[in-house]
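Residues per chain, in single letters:
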Protein chains: 2
Amino acid sequence: MSVFTPVTPEQLTAWLRHFSVGTLSGLEGIAEGVENSNFLVTTSHGRFVLTLFERLTRDELPFYVHLMAHLARHGIPCPAPVANRENEYLGSLNGRPAVLSSFLPGASLLRATPAQCAAVGAMLADLHVAGHSYKQRLDNPRGPRWWRETAPKVMPFLDEADREMLKEELRFHHASHLEDLPRGVIHADLFRDNVLFEADRITGIVDFYFAGQDALLYDVAVTLNAWCSLDDGGLDDASAQALLNAYHALRPLTRVEHLGWPAMLRGAALRFWLSRLHDLHLPRPGEMVRVRNPEQFRDILRRRIEAGPLLPWV
Amino acid sequence: MSVFTPVTPEQLTAWLRHFSVGTLSGLEGIAEGVENSNFLVTTSHGRFVLTLFERLTRDELPFYVHLMAHLARHGIPCPAPVANRENEYLGSLNGRPAVLSSFLPGASLLRATPAQCAAVGAMLADLHVAGHSYKQRLDNPRGPRWWRETAPKVMPFLDEADREMLKEELRFHHASHLEDLPRGVIHADLFRDNVLFEADRITGIVDFYFAGQDALLYDVAVTLNAWCSLDDGGLDDASAQALLNAYHALRPLTRVEHLGWPAMLRGAALRFWLSRLHDLHLPRPGEMVRVRNPEQFRDILRRRIEAGPLLPWV
């Protein structure tokens with residue numbers, strides 16, 4: 001169910017005349033992603049991925065597409081958009097903005113070992129370092145302002161205890177001042193399904209459509225919560241330590257980041273609790289979202305609050 | 001004998017801190033190439049090739065390095081240079097200009113089938129099309145002016161018959177006017193050792209250091225002579241037809257190119273006869289060149305002259 005706009009081989013053959021990627025030999029839909037139509041495209045030059053954008057508009061896309069091109073040419077294994085004969089990445093196919101990208105091998109993991117968490121930490125650090133020279137700017141669309149706007153909307157759906165925790169959490173973040181943290185381009189959604197592996201090596205970092213400018217430490221916290229949380233929301237210390245040490249080895253964390261870490265882990269948990277509540281209770285008409293359990297991130301948030309300064313660190 | 005400037009793992013580890021390619025796990029010299037020092041570099045992100053330039057200077061390199069970056073992002077499987085933290089491709093290591101590039105799998109062929117020659121023709125057409133939007137300019141350094149300068153230098157080493165053929169050939173090209181041919185960036189050296197294959201699919205186009213602006217048809221002629229010549233210099237018709245048809249399907253050849261074809265095949269043969277004579281008889285002190293037999297291209301030239309307008313075409 002993730003090809004919303006169909007593409008025929010004849011349509012694609014005509015479209016590929018704008019490119020220098022050889023002749024089409026295979027086209028099949030990819031059953032992943034809920035926002036775009038994705039296809040595996042095989043040509044005489046090799047394999048590519050065709051993406052037709054169903055939500056993002058033509059005006060919004062250059063930030064993401066050029067970010068991927070920038071990171072790819074710095075050695076980050078993310079989809080590298082392919083330029084067409086007019087030297088443009090972004091085209092149009094069947095009425096949708098469309099991009100052809102390099103194909104990345106590998107598969108996402110259901111469970112990650114500490115070694116694999118270390119690979120994720122190192123890759124995230126390299127991504128942050130490579131992003132430093134990226135010139136385009138876009139604010140993280142799911143930052144504190146979005147938390148404050150979204151919380152009142154989901155509040156009616158919460159029980160008393162969760163409502164109190166949410167209110168208290170917003171007060172806590174309002175009072176904490178983390179503006180001095182090192183900032184840059186962040187992925188902001190580096191969950192397991194967005195990282196491809198072959199054994200312990202990362203072969204792909206995908207889905208940059210929540211990327212934006214924010215505290216780099218926020219990205220570390222999002223990633224740590226996603227990769228190192230146990231079923232009860234607590235942290236797996238070995239995995240967390242492996243991820244953080246590997247990150248720190250490539251981009252050393254600063255003193256101000258050290259001080260901000262407990263608050264950042266809570267903020268990163270809050271963001272996904274809120275978005276999952278919103279997706280569950282307030283889906284927009286016609287919007288396709290994979291509904292995920294909000295309680296997972298409520299539990300992660302609660303455990304981060306309880307752990308306080310006793311959180312893993314380097 | 002193709003690592004002229006050694007690099008230790010310690011030196012490379014320090015140098016790679018300028019990049020976002022993970023941590024070094026392997027370094028070995030590559031025993032190919034006579035002009036540069038090449039190394040296979042393995043990091044936690046995958047495999048790369050490190051090139052230290054021994055002949056070309058820092059000022060000469062941007063044309064080639066940016067050309068490869070341009071073609072790679074258009075889907076041509078050539079080495080994609082990796083940008084460092086300062087967003088630059090070109091660095092310096094052990095006193096040499098140095099570039100880190102993507103690693104390309106595959107191996108060059110000793111003999112090519114017609115299907116493989118077709119793949120070469122199609123790839124060359126795509127390369128020419130993708131090069132159309134490349135902005136930097138550099139004249140082909142081995143064009144007609146270089147022929148006229150080089151011929152007198154090698155003349156003393158030729159026997160009477162070859163000397164007559166060379167003089168006559170220079171007169172012929174002086175009298176032919178091919179200025180109106182479509183021009184663009186050409187590879188200009190697409191011999192078998194510069195194309196990597198996996199089965200019938202091209203996985204790599206390498207060694208762009210003779211690239212420049214010239215007639216696209218000249219590149220087709222260089223490539224056809226290199227891939228489709230028999231031992232006696234004559235053309236293998238099946239291979240030649242396969243290469244030309246595949247090229248023509250992606251970049252249709254024009255009427256003026258049709259008219260210029262026999263002369264272009266002769267010029268492309270002359271260029272390599274001259275350079276091989278020069279490398280054999282007039283090596284520069286300290287220069288490393290793999291000396292190849294000039295007579296192979298004398299024979300190719302002779303056979304193209306004899307064939308005249310009866311050459312394969314589309």
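Everything numeric here is computed off the predicted structure, so don't read it as measured data.

> Would you take a moment to explain the sheet that holds strand S1 (residues 24-29) of chain A for this structure?
Sheets are built from strands that pair by backbone hydrogen bonding, the pairs being arranged parallel or antiparallel. Residues and elements named next belong to chain A. The five strands lie next to each other as S1-S2-S3-S5-S4, forming an open sheet whose pairing is antiparallel. The sheet terminates laterally at S1 and strand S4 (91-93), the two strands that pair on one side only. Along the sheet, successive strands turn relative to each other by an average axial angle of 35°, direction set aside. Looking at chain direction, S4 and strand S5 (residues 96-102) are connected through three bridges and run antiparallel. Bridge pairing links Leu-93 to Arg-96 in S5. Taken strand by strand, helix H1 (residues 9-16) contacts S1, strand S2 (36-43) and S4, and its axis lies near 125° from that of S1.

> Would you explain the packing of helix H3 (residues 114-131) of chain B against helix H7 (residues 237-250) of chain B in this entry?
A pair of packed helices can be characterised by two numbers: the angle between their axes and the separation between those axes. Residues and elements named next belong to chain B. Where H3 meets H7, the closest approach of the two axes is 7 Å, and the angle between their N-to-C directions is 30°. When the interaxial angle is binned, H3 and H7 end up roughly parallel. Seen from above, H3 lies across H7 with right-handed handedness. Here H3 contributes Pro-114, Ala-115, Cys-117, Ala-118, Val-120, Gly-121, Ala-122, Leu-124, Ala-125, Asp-126 and Val-129 to the contact with H7, which in turn contributes Ala-238, Ser-239, Ala-242, Leu-243, Leu-244, Ala-246, Tyr-247 and Leu-250. Taken together, the residues that form the contact of H3 with H7 break down as 16 nonpolar, two polar and one charged.

> Mind showing me how you'd approach the domain arrangement of chain A here?
Where interface size is given, it is often the accessible area lost as the parts come together that is meant. Residue and element names in this part refer to chain A. Examined at the domain level, chain A breaks down into domain 1 (9-102) and domain 2 (114-307). The straight-line distance from the C-alpha centre of domain 1 to that of domain 2 is 28 Å. Every contact between the two is made by 15 residues of domain 1 and, on the other side, 19 residues of domain 2. The residue inventory of the side of domain 1 that touches domain 2, partitioned by class, reads eleven nonpolar, three polar and one charged.

> What's the story with unusual backbone geometry in this structure? I'm lost.
Positive phi is not limited to glycine here, since Asp207(A) has a value of about 60°. Along the chain, Asp207(A) falls in the loop between strand S8 (201-205) and strand S9 (212-215). By C-beta crowding, Asp207(A) is classed as buried, having 21 other C-beta atoms within 10 Å. For Asn87(B), which is not a glycine, the phi torsion comes out positive at approximately 70°. Within the element layout of this structure, Asn87(B) appears in the loop between helix H2 (61-73) and strand S4 (91-93). By C-beta crowding, Asn87(B) is classed as partly exposed, having 14 other C-beta atoms within 10 Å.

About the cut-offs
Residues numbered from 1 in each chain as written. Chains lettered and ligands numbered in written order. Predicted model: local features only at pLDDT ≥ 70, side-chain atom pairs only at ≥ 80, totals over all residues. Pairing = 2+ DSSP bridges. Helix = DSSP H or I, 4+ residues; strand = E, 2+ residues; numbered from the N terminus. Axes fitted to C-alpha atoms, helices over the stretch in contact; angles between N-to-C directions. Contact = placed C-beta atoms within 7 Å. Parallel < 35°, antiparallel > 145°, perpendicular 65-115°, else oblique. Left-handed = near helix turned anticlockwise from the far one by under 90°. Nonpolar A, V, L, I, M, F, W, Y, C, P; charged D, E, K, R; others polar. Domains from an automatic or database assignment. Buried ≥ 20, exposed ≤ 12 C-beta atoms within 10 Å, placed from the backbone.

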